[in-house]
Amino acid sequence: MIYKLKFFSMMLMASCMITCPGAWGQSRTFENIRRVTMRSTGTILENNEISGYYILSDVEKAKKGNRTYLLKILDENLDDFKTTTLEEGKYVYLAESAFNGESIMLKFVDMKEKSLIFMSYSKNGDLLGKKEKELTKRETLFYRAMVTAETEGNALNSIHGKGFVDYGMDDNAKKYIINYIPSDPQKKGWRKRSMNVKGVENAGFLCSSNDYVYSLVVKRPGIRSMDMQTAIVSHDIELGVKSFETDLNSQKYKVQPMNGYFDEKTQLLNVIGIFYEPGTKQVKDNGLGLFNYQINFSGEIVNEKYLTWAQDFRKYVQVDNKGMISNEDRNGFIFFHRIIQNTDGSIIAVGEQYKKAADAAGIAGKALGGGTSTAKVVIQDMVIFHFTKEFDIAGVEMVEKSKSGFALPAGYGLVNIHMLSNIVKANGGFDYSFTSQNDKDESTSIGYVDYERKKGAKNELVFGAITYYDGEFSRDKIPLGHPKDKDWIRVYPGKPGYVMLMEYSQKTKTLESRLERINF
Amino acid sequence: MKSNAIFLFLASLWLMHDQAYGQYEYEYVPMDSFDLQKEILIDEINTDIAAIQSSLPRSSRDELKTILNYKAELLARRLKSNHFINDGELDQLVGKVYSEITTKNPRAGYPTRIMISRSPVPNASCWGEGTMIINLGLLSRLNTESELAFIMAHEMAHQLLDHVNEATLSAIKRRSDRGLKRQAKTYGKLDVMKEIAYDDARYSRIKEHEADSMAVVLLRNTSYQWQVYERVLDMLDSADYPETRERPDLKSRFDFSKYPFKDKWLEPPHSGLGRSSNTGLFSADSLKSHPNIPKRIAYVDSLYGYNAGKKSYDPSHDRIASSLQQRIDLEMTSSTFVINDYAKSMFYTLQMLGQYPENKFLKTHLARLLVELYLSRKNHTYNRYVRISNYYPKMMEELFIFLNNLRMSEIAKLAYNYINRDAVFDKTNEEHYFLLFIISTGLDNLEVSEKVLTAYKNSFPNGQYLEAMKL
Ligand SMILES: [Zn+2]
């Protein structure tokens, strides 16, 4: 889960940033905002948690047709951490970044040279190493789309204290590539490509243990086929040797894994997802329920657990056999955003309720000769599933929010609802914002944005946070409406347990950014 | 012999201290802000700025005008938000030094407005249009009138030599230099930016030397000890909070029988990247104008030092009354609060409570701070009042970590336990009822809230907080 921080594009270039000198005590204020286009901005994540931010801006021409870029790294509190300059080609963008507790890895993409540039920095901000890697044809398309859409990818992931893994594609997207880059430039990395001659195999990062990196592999008979088989591939981090490849489909069911984590206590890899009738060719709904597989270091599934909508979940929520959850006048399937293990060992699955509906505006448009789709996806409540460490249901939290609609592009009316939810997700249509874990507090917070309808007052945009702490869930709200003297407030993910608030005032032309604790 | 004199001097200091303590053992009344005078001051500033603007050289008029307007706006905004202190005793002190310098050095062009800022930063500044600002944080570090006189004379020198406007003009000029564009082409924009930044710093270092030496010239004609420069400049050098003062003991202050102190509140937070050892694109040392204090001292020494018959500075000579020094220290607790720096306000309050444990103002102020911190956490504005960073002033680091570690309910519980005690709760103080009411309601302890409200209504049937105390 990675978030684009577009607000940085409103800030001034590093050299012109004015931090109010007299008011040392307080939040950072940027005065005299001028619009400057940033080359790239984003978060530096370690294990899904924010440890800093980067801003890359294009400053000027350099020798041999190159450009000079100003790279600014801010720490988790928005204090300056490192400012440096780079000389690279004219079409260089910062695509992704990660932090592994020891070093920062920045992944640049050079669209002209069709290459990736990996630069790692130490905690002192010194450049540790620089590596270049040629892009495959398919990857070039992928990164071009990413740069154009100004989104951040999730191909680059950190391995705590060791290095980074980056995922790529080869052979016209038919084969995956896994690239391991150690933090220490003296050490050797490795690169693995899927060996299967037949069919299509794509891979992504699942999680890692001390010694192994686990990747989720999706296999299909052909590039257009929807018939997916999934497997977990494990590689030795240091050596790159494949230690196992385990197919996840059991005799009993077909499965769609969604998330995984390595449990330090049991030393088992946990994979959680939705399970379906065996032989299901195309996924259309929330299946039969949720599963949890526990896999040992040899790749054996030592525990399988299945929780069905029809029996297990029904004790906690009103749910039909396919996983459609009803509450009061609402019903809908669940889109799972994230599954996370709490410090107490219990597990949280963050879901959001959605369903397909006719789009009144779309219908009107069509009657007038417009070409828009008449279908939309209605996004409803947050649904948080809480499981014990043994994967028994501990409770289901329904957090009510206002319905919001996501109008579908023309022609999508007939696509199945499960596919649609992925389109909504890819287009940022859900209200869910992020999940952050604060190990120190032993708390987990889930953030979302809601448009609150108020009785006797103006409706208001609010940021909501649901926090799991000490075995209980509690809620916090931050109004995002029009506070006194401010034109808007926005909320962005902050370091664990915090959100970053940005308040803009047109009158004084100031943009104030500050961190605020999520209350629970 | 010399050491004996110092001993006697220290002993006499302690005697004076005792007298001062007596005065503030139980009470303190915070210093005022300007009331109606604000508007008059703002008008004066605008008039002075307009006068400068009309006499500007044509070439740089537009840009300089904007900068001057920004200055006027900033001063007006600060005046309106009560950033400045309006206090007779401080005015008298500053006025006395001002008139000694100006009457012994008759000439035109001195600053016409001297304002005392509530800022805790030990600094003074000259704004170029006639305003001179002395920070409370600076006053709290001074021991003698001579020290104040040197600082004021230094700022006056900036005004007399028209340094501020000149500096702005030359900075603009350096930036609009025609050669600059060509230079940028040859050497790159970043190099030129660096060069400009170094130039600005170099320029201001030269001006600091000029102001220092003129300050000595001005002081030599007065009854003050011009030899004080070394001591004053040394003080500016130690920009951090003086380590000689005691750090408040949080653990003993916030340990209650019903709500014991938790050691984890003092644990530094996890920081992935940690502290940076390498922030600037430009070398920091060559950019600062103030840090080069030893060089400034050496420069003044070379002009007026031992060769010129320099006598040593006698710190017992024109001491600022210790009762006023104590008042200034106490005022730091209130002034930092007025300018919304709650963490520092708590730091000074705890420090002062160490000296005056029975001072009613300080007790109320600590209760007020805790309740305000709770409310700001609830409203998600906390970090406007308590900064979050990996870089705090050393003495205050523990307090900042503590305040940022606390969860909302923990702040509320600390506030509740602090106020709801015989040693603190004052039945004759309306505000105490209000604070206890707010915090018990926040903790959902409505039984207590109701009791407090009833007691308040009985004691203060027309109380000023009745409107705000609703269940
Ligand atoms: Zn100066």
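Residue positions are given per chain, counted from 1 along the sequence in the order it is written. Starting at A for chains and at 1 for ligands, labels are handed out in the order in which the entities are written. Residues qualify for local features only when their pLDDT is at least 70, as the model is predicted, and side-chain atom pairs are given and counted only at 80 or more; totals for whole chains, interfaces and linings, by contrast, use all residues.

A.B. asks: For this particular structure, what's the right way to read the overall build of chain A?
C.D. replies: We count a stretch as a helix when DSSP gives it H or I for four or more residues in a row; a strand needs E for two or more, and each element gets its number in order from the N terminus. A count of helical and extended segments in chain A gives three helices and 35 strands. Taking the contacts inside chain A whose residues are at least 6 apart along the sequence as the reference set, 46% of them involve residues at least 24 apart. Residue pairs are scored as contacts if the distance between their C-beta atoms, which are placed from the backbone, is within 7 Å.

A.B. asks: In this structure, what is going on with the overall build of chain B? I would like to understand it.
C.D. replies: For chain B, the helix and strand inventory stands at 20 helices and five strands. Burial statistics for chain B: of 471 residues in total, 35% are counted as buried. For chain B, contacts bridging at least 24 residues in sequence account for 73% of all contacts bridging at least 6. Burial in this document is a count-based property: other C-beta atoms within 10 Å of a residue's C-beta are tallied, and the residue is buried at 20 or more, exposed at 12 or fewer, or partly exposed in between, with C-beta positions derived from the backbone.

A.B. asks: Please explain helix H19 (residues 430-442) of chain B as it appears in this structure.
C.D. replies: For an α-helix, the turn length of 3.6 residues means that residues three or four places apart are oriented alike. All names here are of chain B. What a helix is expected to span follows from its residue count: subtract one and scale by 1.5 Å. The end-to-end C-alpha distance of H19 is 19 Å, a good match for the 18 Å that 13 residues give at a rise of 1.5 Å each. Within H19, ten of the 13 residues are buried, leaving the element largely enclosed by the surrounding structure. His432, Tyr433, Phe434, Leu435, Leu436, Phe437, Ile438, Ile439, Ser440 and Gly442 are the residues of H19 that are buried. Positioned one or two residues after H19, Asp444 has a phi angle of 65°, which is positive.

A.B. asks: Is there a simple way to think about unusual backbone geometry in this case?
C.D. replies: Most peptide bonds are trans, and most residues other than glycine sit at a negative phi. All names here are of chain A. A positive phi is found at Ala173, a non-glycine position, where the angle reads about 70°. Looking at the secondary structure, you find Ala173 in the loop between strand E11 (163-170) and strand E12 (175-182). Assessed through the 17 C-beta atoms surrounding it within 10 Å, Ala173 is described here as partly exposed.

A.B. asks: Would you take a moment to explain the domain arrangement of chain B for this structure?
C.D. replies: Many structure descriptions define interface size as the accessible area lost when the parts assemble. Residues and elements named next belong to chain B. Where a domain begins and ends is set by an automatic assignment or by a domain database. What the domain assignment reports for chain B is domain 1 (28-239 + 290-308) and domain 2 (326-459). The C-alpha centroid of domain 2 is placed 36 Å from the C-alpha centroid of domain 1. Taken together, the contacts link twelve residues of domain 1 with 14 residues of domain 2.

A.B. asks: Any chance you could explain the environment of His418 of chain A here in plain terms?
C.D. replies: All names here are of chain A. With respect to the helices, strands and loops of the structure, His418 is situated in helix H3 (residues 417-426). Note on His418: 17 C-beta atoms within 10 Å, which makes it partly exposed. Considered as a pair, His418 and Gln282 are 136 residues apart in the sequence and their alpha carbons are 9.7 Å apart. In contact with His418, not counting residues within four places along its chain, are Val283, Lys284 and Asp285.

A.B. asks: What should I look at first to understand the sheet that holds E12 of chain A in this one?
C.D. replies: Sheet strands associate in pairs through backbone hydrogen bonding, adopting either a parallel or an antiparallel arrangement. Residue and element names in this part refer to chain A. Two strands qualify as a pair provided DSSP detects at least 2 bridges between them. Read from one edge of the open sheet, four strands run E10-E11-E12-E13, paired in antiparallel fashion. On the outer flanks of this sheet lie strand E10 (156-159) and strand E13 (190-193), each paired with one strand and no other. Neighbour-to-neighbour, the strand axes of the sheet open up by a mean angle of 20°, direction not taken into account. Relative to E13, E12 runs antiparallel, the two being bridged by four bridges. Axes here mean lines fitted to C-alpha atoms, for a helix over just the part in contact, with angles spanning 0 to 180 degrees between N-to-C directions.

A.B. asks: What exactly am I supposed to notice about the packing of helix H18 (residues 408-419) of chain B against H19 of chain B here?
C.D. replies: Two measures define how a pair of helices packs: the angle their axes make with one another and the distance between the axes. Residue and element names in this part refer to chain B. One can describe the packing of H18 onto H19 by two numbers: an axis separation of 9 Å at closest approach and a directional angle of 140°. If you check the angle between H18 and H19, you find them oblique. Between H18 and H19 the crossing geometry is left-handed. Facing Ala412, Ala415, Tyr416 and Ile419 of H18, the residues of H19 in contact are His432, Leu435, Leu436, Ile439, Ser440 and Gly442. Any residue that is not Ala, Val, Leu, Ile, Met, Phe, Trp, Tyr, Cys, Pro, Asp, Glu, Lys or Arg is counted as polar, Gly included; the first ten are nonpolar and the last four charged. In terms of residue class, the contact of H18 with H19 is made up of seven nonpolar, three polar and no charged. These descriptions rest on fixed angle ranges, namely under 35 degrees for roughly parallel, over 145 for roughly antiparallel, 65 to 115 for roughly perpendicular, and the rest for oblique. Two helices cross in a left-handed way if the nearer one is turned anticlockwise from the farther one by less than a right angle. They cross in a right-handed way if the turn is clockwise.

A.B. asks: Explain the pairing of strand E5 (residues 80-88) of chain A here, please?
C.D. replies: Regular strands show a simple pattern: their side chains alternate between the two faces of the sheet. As defined by bridge partners, strand E4 (residues 67-75) of chain A adjoins E5 of chain A across eight bridges and the pair is classed as antiparallel. Across the sheet, the residue bridging to Thr68 of chain A is Glu87 of chain A, located in E5 of chain A.

A.B. asks: I'm lost on the nonpolar core in this one. Help?
C.D. replies: Burial of nonpolar side chains together is a common tendency in soluble globular proteins. Each nonpolar core comprises buried Ala, Val, Leu, Ile, Met, Phe, Trp, Tyr and Cys residues, the members being joined through C-beta atoms within 7 Å. Core analysis: the largest hydrophobic core is formed by 118 residues, its most contacted members being Tyr54, Met105, Phe108, Ile232, Ile384 and Val499 of chain A. Take this core: its biggest share by element is eight residues, from strand E26 (residues 375-387) of chain A. Apart from the residues within four sequence positions on either side, Tyr54 of chain A is in contact with Thr41, Gly42, Ile44, Leu71, Lys72, Ile73, Leu94 and Ser97 of chain A. By size, the runner-up hydrophobic cluster in this structure holds 92 residues, among which are Val94, Leu136, Ala149 and Leu370 of chain B.

A.B. asks: Mind showing me how you'd approach the confidence of the model for chain B here?
C.D. replies: For any part of a model where pLDDT is low, the fine detail of the predicted coordinates should not be relied upon. All names here are of chain B. For every residue, the predictor reports its confidence as pLDDT, a number between 0 and 100. For chain B, the average pLDDT comes to 86, and 85% of its residues sit at 70 or higher. Between residues 1-18, whose pLDDT stays under 50, and residues either more than four places distant or in other chains, the model counts three contacts. Within the model, the stretch residues 283-289 combines pLDDT values under 50 with eleven contacts to residues more than four positions away or in other chains. Complex prediction metrics read pTM 0.87 and ipTM 0.85.

A.B. asks: When you look at the pairing of strand E24 (residues 330-341) of chain A in this model, what are you seeing that I'm missing?
C.D. replies: Residues and elements named next belong to chain A. Most of E24 sits inside the fold, with nine of its twelve residues counted as buried. Sheet topology note: the strand E23 (residues 325-327)/E24 ladder contains three bridges and is antiparallel. Across the sheet, the residue bridging to Ile325 is Gly332, located in E24. Here E23 folds back onto E24, and the loop between the two strands holds two residues, one of which, Glu328, carries a positive phi near 45°.

A.B. asks: When you look at the packing of helix H15 (residues 360-378) of chain B against H18 of chain B in this model, what are you seeing that I'm missing?
C.D. replies: Residue and element names in this part refer to chain B. At their nearest, the axes of H15 and H18 sit 9 Å apart, and the two run at 160° to each other. Here H18 runs roughly antiparallel to H15, going by the angle between their axes. When the axes of H15 and H18 are compared, the crossing they make is left-handed. Between H15 and H18, the residues in contact are Leu366, Ala367, Leu370, Val371, Leu373, Tyr374, Arg377 and Lys378 and Met408, Ile411, Ala412, Leu414, Ala415, Tyr418 and Ile419, respectively. For the contact of H15 with H18, the residue count by class is 13 nonpolar, no polar and two charged.

A.B. asks: Please clarify how the sheet that holds strand E18 (residues 254-263) of chain A should be interpreted in this entry.
C.D. replies: Residues and elements named next belong to chain A. If you walk across this open sheet you meet the four strands as E18-E19-E20-E21, and the pairing is antiparallel. A strand with exactly one partner marks an edge of an open sheet, and here the two such strands are E18 and strand E21 (301-308). On average, each strand axis in the sheet is inclined to that of its neighbour by 20°, with strand direction left out of account. One ladder, built from seven bridges, connects strand E19 (residues 268-276) with strand E20 (residues 289-295); its direction is antiparallel. Within the sheet, the bridge partner assigned to Asn270 lies in E20 and is Gln294.

A.B. asks: Before we go on, may I ask you to explain the confidence of the model for chain A in this structure?
C.D. replies: Residues and elements named next belong to chain A. Here chain A averages 83 in pLDDT, and 88% of its residues register 70 or above. For chain A, per-element mean pLDDT is lowest for strand E1 (residues 28-30), which scores 45, and highest for E20, which scores 96. Below a pLDDT of 50 lies the segment residues 1-37, which in the model reaches 81 contacts outside its immediate sequence neighbourhood of four places, other chains included.

A.B. asks: Looking at this structure, I do not really get the environment of Asp227 of chain A. What am I missing?
C.D. replies: All names here are of chain A. Assignment of secondary structure puts Asp227 in the loop between strand E15 (212-220) and strand E16 (229-236). Asp227 sits 95 residues away from Glu132 along the chain, and the two C-alpha atoms are 36 Å apart. With near-sequence residues (within four places) excluded, Asp227 lies in contact with Arg220, Pro221 and Lys281.

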